[in-house]
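# Descriptive structure summary
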Amino acid sequence: MKSYLLATRHPWVCFLFLVPLLVAYEGGLFWLGGDQAARFRNGADAWFRWALEVFGAGHVLIAPAIVLGVMLVWSWWRWADRPEDPVTAWFGMAFESVLFAVVLWQFSRNFGPIIDGLGIKLQITVRTAPPTQILTFIGAGIYEEVLFRLGLFGGLVLVLRTIGIPGLVVVPAAACAAALAFAAAHHIGPYGEPMRADYFVFRTTAGLYFTVLFVARGFGIAVGAHAGYDVLVGVVVA
């Protein structure tokens, strides 16, 4: 059991878990949209590609290549202690992703009454989406975790430790900052939604939830749970 818990956090296993999700997302968008696939992209995927285009790297495959390249370099760095049975870990990660997605989905369905019980009057509305947007939800799970957990949270932890912030403060501070940025990003720029307190509070909470998964269960499970939750909210809920 201990070996499995460690295996799911290893970058090589996370890389193997991420590859089929990225292939399904990028390949599916090309199949559905062809030259117009960009209209299906939103959130962190769109932000990431916009930043790449600013630096002249606008090819459609640059973004996934960077993500996979980072994971491969990380895997190479940790190659000596890679798990012996990544296949078993892969299936376990898939199961955990579904489980953690359902947990957050159930919480989201009861979020309004919970907040109301604390004396804060908010209104939660559930939006549905056609099944054709499943790929968009998968992409959000991938690229938002890359940006906010792997990039922002991981980078903040490294910076705070480097400048000598006490160890007990580093992870909570980085987690809160990344969660707040995750929530705020949904309301910023041309793809942003109008600011709503209920959405912001819930997304901050969800950001903390995904950070806990990232730290405790690994990057791959955080991606899988995020994508699974988005699919549940967008397609299953009616």
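Residues numbered from 1 in each chain as written. Predicted model: local features only at pLDDT ≥ 70, side-chain atom pairs only at ≥ 80, totals over all residues. Heavy atoms only, no water.

Going by the annotation in an unreviewed UniProt entry, the name recorded for the protein is CPBP family intramembrane metalloprotease, with Gemmata palustris given as the source organism.

Let us look at the overall build of the protein. Across its full length, the protein carries 10 helices and zero strands. With 238 residues in all, the protein has 44% of them scored as buried. For the protein, the share of sequence-separated contacts (at least 6 apart) that also reach a separation of at least 24 residues comes to 76%. (Helix = DSSP H or I, 4+ residues; strand = E, 2+ residues; numbered from the N terminus. Buried < 20%, exposed > 50% of the residue type's maximum accessible area, 1.4 Å probe, protein only. Contact = heavy atoms within 4.5 Å.)

We now examine the UniProt feature "transmembrane region" (unreviewed entry) in the protein. In the numbering adopted here, UniProt assigns the feature "transmembrane region" (unreviewed entry) to residues 12–34, 54–77, 89–108, 163–185 and 206–229. The straight-line gap between the two end C-alpha atoms of residues 54–77 is 30 Å; of that span, 71% is helix and 0% is strand. Structurally, residues 89–108 is divided into 100% helix and 0% strand, and its ends, taken at the C-alpha atoms, are 28 Å apart. (UniProt positions renumbered as here; feature names shortened; annotations may be inferred.)

Overall, the coordinates contain 13 aromatic pairs when judged by the stated rule. Ring centres of Trp-12 and Phe-15 lie 5.5 Å apart, and the angle between their planes is 15 degrees; this geometry places the pair in the stacked category. With Trp-12 and Phe-15 both in helix H2 (residues 11–33) and three residues apart, this pair spans about one turn of that helix. Cluster of aromatic residues (ring-pair linked, three or more members): Trp-12, Phe-15 and Trp-79. A cation over an aromatic ring shows up here: Arg-149 above the ring of Phe-182, its NZ or CZ 4.8 Å from the ring centre. (Phe/Tyr/Trp six-rings, centres within 6.5 Å; stacked < 30°, edge-to-face > 60°. Lys NZ or Arg CZ within 6 Å of the ring centre and 35° of its normal.)

As a further point, take helix H5 (residues 86–109). A rise of 1.5 Å per residue sets the reference length of H5, with its 24 residues, at 34 Å; its end C-alpha atoms lie 34 Å apart and thus fit the reference within 8%. Within the sequence span of H5, burial applies to Pro-86, Ala-89, Gly-92, Met-93, Glu-96, Ser-97, Phe-100, Ala-101, Leu-104, Trp-105 and Ser-108. (Expected span 1.5 Å × (residues − 1).)

So, about the nonpolar core. Among the nonpolar cores identified, the biggest contains 54 residues, and Leu-18, Ile-142, Tyr-143 and Phe-219 are the most heavily contacted of them. Among the elements that make up this core, the one with the highest residue count is helix H7 (residues 134–162) (10 residues). (Core = buried A, V, L, I, M, F, W, Y, C linked by side-chain atoms within 4.5 Å.)

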